[in-house]
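What the coordinates show
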Amino acid sequence: MQPLVDQPFTIIQPGSKWRNRTHFGTQYAAILVDANYQPPSSVDSLPSPGHGVVAVAMVNGRPEFWQTWWFLLAATLASAGIVAAYFLQRIVLLAGAERRFREAIETMPAMAFVTRPDGYCTFVNRRWVEFTGLTLEQTSESGWQAAVHPDDLGRVVNKWRASLALGEPLEYEVRLHRAADETFRCFLMRAVPLRDNRGKVLKWCGAATDIEDRKQAEQLRADLAHVSRVSTMGELVASITHELLQPISATTLNGQVALRWLQRDPPDIANASQSVSAIVQDGNRAATIIERLRLLYKKVPPRREPVAVNSVIAEMVELLRSEANGHAVSIRTDLEDDLPAAMVDQVQLRQVLMNLLLNAIEAMSDTGGVLTVKSESGAQDVIQISVIDTGPGLPPGKDDQIFQAFFTTKMQGSGMGLAISKSIIESHHGRIWANGNEGRGATFHFTLPLAGQEDERPVGS
Ligand code: ADP
């Protein structure tokens with residue numbers, strides 16, 4: 001007889017013991033069979049008495065352990081515990097993320113705020129509170145307006161109104177009141193709307209960055225540029241007047257001489273021609289001076305290009321030679337042969353050389369002396385230019401102040417020449433400095449970067 005395996009009842013042969021047992025809930029079917037029993041082909045239902053089945057009875061059996069109430073309870077508790085632990089972990093992670101986010105918002109070097117779609121403030125960071133002295137409560141509604149400079153308020157309110165109505169990001173500059181010292185500082189304010197999936201504005205997030213220092217630097221640069229043009233122009237006028245007067249008076253003189261040769265009877269054409277040639281030469285000289293002047297003050301945007309520095313030095317020395325002669329100053333050059341090209345704006349380089357040369361000539365104007373301009377390849381891929389004089393030397397104890405704007409020891413000085421030179425050289429990533437000489441006088445050095453490309457042809461050569 002085949003055992004009915006995997007069936008929810010138990011088969012018992014006459015007089016035999018349990019032969020097979022499978023579970024059926026907590027009940028078991030016990031079937032008593034005799035010798036006529038034939039195992040059914042299908043076991044979908046319990047066999048009924050007859051055809052070898054003597055009796056069928058349902059008996060209670062001991063359930064498997066996983067069916068016991070304590071196991072089911074433990075399993076339920078364990079599952080609930082795992083789910084709870086998962087959610088707890090998520091909550092802890094989220095809380096950590098929020099704490100880090102809040103720390104970042106609180107410590108960022110800007111003021112941050114959040115408003116409702118109607119502009120009502122619901123969050124301000126610590127920086128806002130510290131700077132303006134206004135708490136969140138004091139900032140809400142229209143309280144924030146107390147921090148805005150009265151002259152900026154109308155413009156700012158209008159900007160907010162327009163952006164809230166249109167839902168467009170806004171950006172503006174505004175002066176905000178600093179509670180600590182009762183001053184105003186300029187800020188760049190930016191706010192953007194945060195929207196849901198359907199594009200509805202949920203809130204506005206904004207930040208204000210302090211741009212006061214940048215603003216002041218911009219203003220100073222603009223002032224410097226202005227003063228630079230005015231002061232250097234003034235210094236130059238004297239030199240140029242002298243430079244131009246020479247060829248012009250020579251022209252007048254030669255013209256008179258030529259006239260006299262021509263008025264002779266018979267006219268002396270040969271001598272008259274010589275005088276006229278001299279007039280042409282002087283005319284060309286004057287035109288060259290004017291052309292140089294035009295180049296020097298041409299208003300062109302800075303243009304960095306490979307420049308043959310020695311040529312520019314020679315040009316500036318020529319331009320100022322008569323000015324130097326007028327003060328018994330002789331100019332010498334000590335220029336390195338085959339000096340590589342520098343990457344520099346030529347007009348600005350002329351301006352720096354002009355400032356340093358005029359300073360040196362001025363320093364020696366009472367005593368006379370020697371002005372040497374030197375060029376050499378410096379260490380670290382730079383060109384170094386030095387302007388050396390034999391004047392009285394740097395003002396004692398003021399070496400570090402001479403490059404500051406408005407520092408001057410001259411009656412008519414503007415104190416801008418060195419400050420402008422410094423800003424030009426530093427904008428070229430170069431360095432400018434000064435030192436006293438061993439013997440007499442002072443030396444001003446500055447460096448310029450080499451032109452990177454070997455094949456770039458230098459201009460001015
Ligand atoms: P300014 O010439 O209008 O005074 P600068 O910026 O050119 O302004 O120079 C600032 C100061 O640096 C000068 O007033 C002077 O005291 C000092 N200085 C500049 N060049 C020399 C120099 N070659 N020798 C001595 N002192 C100098």
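Calculation notes
- The residue count restarts for each chain, going from 1 along the sequence in the order it is written.
- Owing to the predicted nature of the model, reporting of local features is limited to residues with pLDDT of at least 70; listing and counting of side-chain atom pairs is limited to 80 or more, with chain, interface and lining totals taken over all residues.
- The side-chain numbers reported here are obtained from all heavy atoms of the structure, hydrogens and water having been left aside.
- Runs of H or I in DSSP of at least four residues are treated as helices and runs of E of at least two as strands, each being numbered from the N terminus.
- Buried, partly exposed and exposed residues are distinguished by accessible area as a fraction of the type maximum, computed with a 1.4 Å probe on protein chains only: under 20%, between the cut-offs, and over 50%, respectively.
- A contact between two residues is defined here by any heavy atoms of the two lying within 4.5 Å.
- Computed with the Shrake-Rupley method and a 1.4 Å probe, the accessible areas treat only the protein chains shown as cover for residues.
- When two rings of Phe, Tyr or Trp (its six-membered ring) have centres within 6.5 Å they constitute a pair, described as stacked for plane angles under 30 degrees, edge-to-face for angles over 60, and tilted for the intermediate range.
- Two thresholds decide whether a charge sits over a ring: the Lys NZ or Arg CZ must be within 6 Å of the ring centre and within 35 degrees of the ring normal.
- For this description, a residue counts as near a given molecule or strand if any of its non-hydrogen atoms is within 4 Å of it.
- Two N or O atoms form a polar contact when they lie within 3.5 Å of each other; inside protein one atom must be a possible hydrogen donor and the other a possible acceptor, and for residues adjacent in sequence the pair counts only when both atoms belong to side chains.
- Charged means Asp, Glu, Lys or Arg here, nonpolar means Ala, Val, Leu, Ile, Met, Phe, Trp, Tyr, Cys or Pro, and polar covers whatever is left, Gly included.

Considering the overall build of the protein
The number of helices and strands found in the protein is 9 helices and 15 strands. By the burial criterion, 35% of the 461 residues in the protein qualify as buried. Of the contacts formed within the protein by residues at least 6 apart in sequence, a portion of 56% connects residues at least 24 apart. Accessible area of the protein: about 27500 Å², with a carbon and sulfur share of 55%.

Some words on the packing of aromatic side chains
Evaluated as defined, the whole model comprises 6 aromatic pairs. On the basis of an interplanar angle of 55 degrees and a centroid distance of 6.2 Å, the ring pair of Phe113 and Trp160 is categorised as tilted. Here Phe113, found in strand S4 (residues 111–115), pairs with Trp160, found in helix H4 (residues 150–166); they are 47 residues apart in sequence, far enough to count as distant. Take Trp160: its relative accessible area is 10%, and that puts it in the buried class. Aromatic rings pair up to connect Phe113, Trp160 and Trp204 into one cluster. Taking the ring centre of Tyr120 as reference, the NZ or CZ of Arg116 above it sits at 4.2 Å. Over the ring of Trp433 we find Arg431; its NZ or CZ atom is 4.1 Å from the centre of that ring.

Describing unusual backbone geometry
In this structure, Pro266 follows Asp265 across a cis peptide bond, with omega equal to 0 degrees. Even without being a glycine, Glu141 presents a positive backbone phi close to 55 degrees. On the secondary structure map, Glu141 appears in the loop between helix H3 (136–139) and H4. Residue classification places Glu141 among the exposed positions, given a relative accessible area of 57%. A positive phi angle is found at His429, which is not glycine, with a value near 65 degrees. Along the chain, His429 turns up in the loop between helix H9 (417–427) and strand S14 (432–436).

Focus on the site of the ligand
Close contacts around the ligand come from 18 residues, with Asn359, Thr408, Thr409, Lys410 and Leu418 the closest. In this structure, Thr409 approaches the ligand through a side-chain N or O atom, which is 2.4 Å from an oxygen atom. Gly417 places a polar main-chain atom, nitrogen or oxygen, 3.3 Å from an oxygen atom of the ligand. Alone, the ligand offers 530 Å² of accessible surface; in the complex the protein occludes 95% of this. At the level of elements, helix H8 (346–363) and H9 are the ones that each hand at least two residues to the shell around the ligand. For the shell around the ligand, the element with the highest residue contribution is H8, accounting for 3 residues. Among the residues forming the shell around the ligand, the class breakdown is 8 nonpolar, 8 polar and 2 charged.

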